[in-house]
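What follows is each chain in one-letter form.
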Amino acid sequence: MDAGKKNILTYEGLKALEEELQDLKVVKRKEVAQKIKEAREQGDLSENAEYDAAKDEQRDIENRIEELEKILRNAEVFDDSEVDLDKISIGCEIRLYDMEFEEELTYKLVGSTEANILENKISNESPIGKAIIGKQVGDVVDVEGIEGTCQFKVLDIHRN
């Protein structure tokens, strides 16, 4: 992650990261400390799989805490109250028509930190995100992909 790069987040995304960080610090740290304590009480640590697993989990938790703190330190919350409601911007839910495959797709446009294609959240830095930002209902956009150009028509834009 670039040191000077701002992490653009929706308010919803900010809250989710803050809740995850709180859970890791308050709940998960205590749980893993208890697992380490119980594993130590079993004696010889050199061949203790539970101890090794607990230490690995502790390392993963501390790495995620550090990552979340860095993201939140450089967070910039996108204020959708200042946005033109007729144009696509971060925080919008967009319904697109894929002209090649003749199907409708629904995405939420978010900052790269929140992007998760399994939840239909696409990044403003993705090829589709870059192509649709600022577009309006009825616009047709070309998206450069690995296998050539795809066309999408903007069907609907709304905010939560």
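Placed above this text is the structure.
Residues numbered from 1 in each chain as written. Predicted model: local features only at pLDDT ≥ 70, side-chain atom pairs only at ≥ 80, totals over all residues. Heavy atoms only, no water.

Q: Just to check I follow, could you spell out unusual backbone geometry for this structure?
A: The phi torsion of most residues other than glycine is negative, and most of the peptide bonds are trans. Its identity is not glycine, yet glutamate 102 carries a phi of approximately 50 degrees, on the positive side. Considering the arrangement of structural elements, one finds glutamate 102 in the loop between strand 3 (92-98) and strand 4 (103-110). Assessed through its relative accessible area of 60%, glutamate 102 is described here as exposed. Located in the positive-phi region is asparagine 120, a residue other than glycine, with phi close to 60 degrees. As for its placement among the helices and strands, asparagine 120 is situated in the loop between strand 4 and strand 5 (121-123). (Helix = DSSP H or I, 4+ residues; strand = E, 2+ residues; numbered from the N terminus. Buried < 20%, exposed > 50% of the residue type's maximum accessible area, 1.4 Å probe, protein only.)

Q: Can you walk me through the nonpolar core in this structure?
A: Note that soluble globular proteins tend to have their nonpolar side chains buried in a common cluster. By size, the foremost hydrophobic cluster in this structure holds 16 residues, and its most contacted members are Ile88, Ile94, Leu96, Ile128, Ile132 and Phe152. For this core, the secondary-structure elements that each account for two or more residues are strand 3, strand 4, helix 3 (127-132), strand 6 (140-145) and strand 7 (148-159). If sequence neighbours within four positions are ignored, leucine 96 has contacts with Glu103, Glu104, Leu105, Tyr107, Ile128, Ile132, Phe152, Lys153, Val154 and Leu155. Counting residues in hydrophobic clusters, the runner-up holds 14 residues, among them Leu9, Leu17, Ile65 and Ile71. (Core = buried A, V, L, I, M, F, W, Y, C linked by side-chain atoms within 4.5 Å. Contact = heavy atoms within 4.5 Å.)

Q: I tried to follow the side chain of serine 123 on my own but got confused; where do I start?
A: As for its position among the elements, serine 123 is in strand 5. Of the polar contacts made by the side chain of serine 123, one reaches the backbone nitrogen of glutamate 125; its length is 2.8 Å. (Polar contact = N/O pair within 3.5 Å; in protein donor to acceptor, adjacent residues only side chain to side chain.)

Q: In this structure, what is going on with the sheet that holds strand 6? I would like to understand it.
A: Two strands in a sheet stick together by hydrogen bonds in their backbones, pointing the same way (parallel) or opposite ways (antiparallel). Strand order across the open sheet formed by five strands is 5-4-3-7-6, with mixed pairing between neighbours. Every other strand in the sheet has two partners, leaving strand 5 and strand 6 as the edge strands with one partner each. Averaged over all neighbouring strand pairs, the angle between strand axes comes to 45 degrees, with direction disregarded. Pairing geometry for strand 3 and strand 7, over seven bridges, is antiparallel. Residue pairing across strands places leucine 96 opposite valine 154, the latter belonging to strand 7. (Pairing = 2+ DSSP bridges. Axes fitted to C-alpha atoms, helices over the stretch in contact; angles between N-to-C directions.)

Q: What should I look at first to understand the pattern of salt bridges in this one?
A: Side-chain pairs of opposite charge can arise whenever the charged atoms involved come near each other. Under the counting rule described, the total for this entry stands at 14 salt bridges. Arginine 59 is the salt-bridge partner of aspartate 60, the closest N and O atoms lying 3.4 Å from each other. Taking relative accessible area as the criterion, aspartate 60 reaches 44% and is therefore assigned partly exposed. Exposure remark for arginine 59: the relative accessible area of 45% places this residue in the partly exposed category. Two residues, glutamate 119 and lysine 121, come together in a salt bridge whose shortest N-O distance is 3.5 Å. A residue is classified by how much of its surface remains accessible, and lysine 121, at 18% relative accessible area, is buried. A cluster of three or more residues bridged by salt bridges with shared partners is formed by Glu12, Lys108, Glu119 and Lys121. (Salt bridge = Lys/Arg side-chain N within 4 Å of Asp/Glu carboxyl O.)

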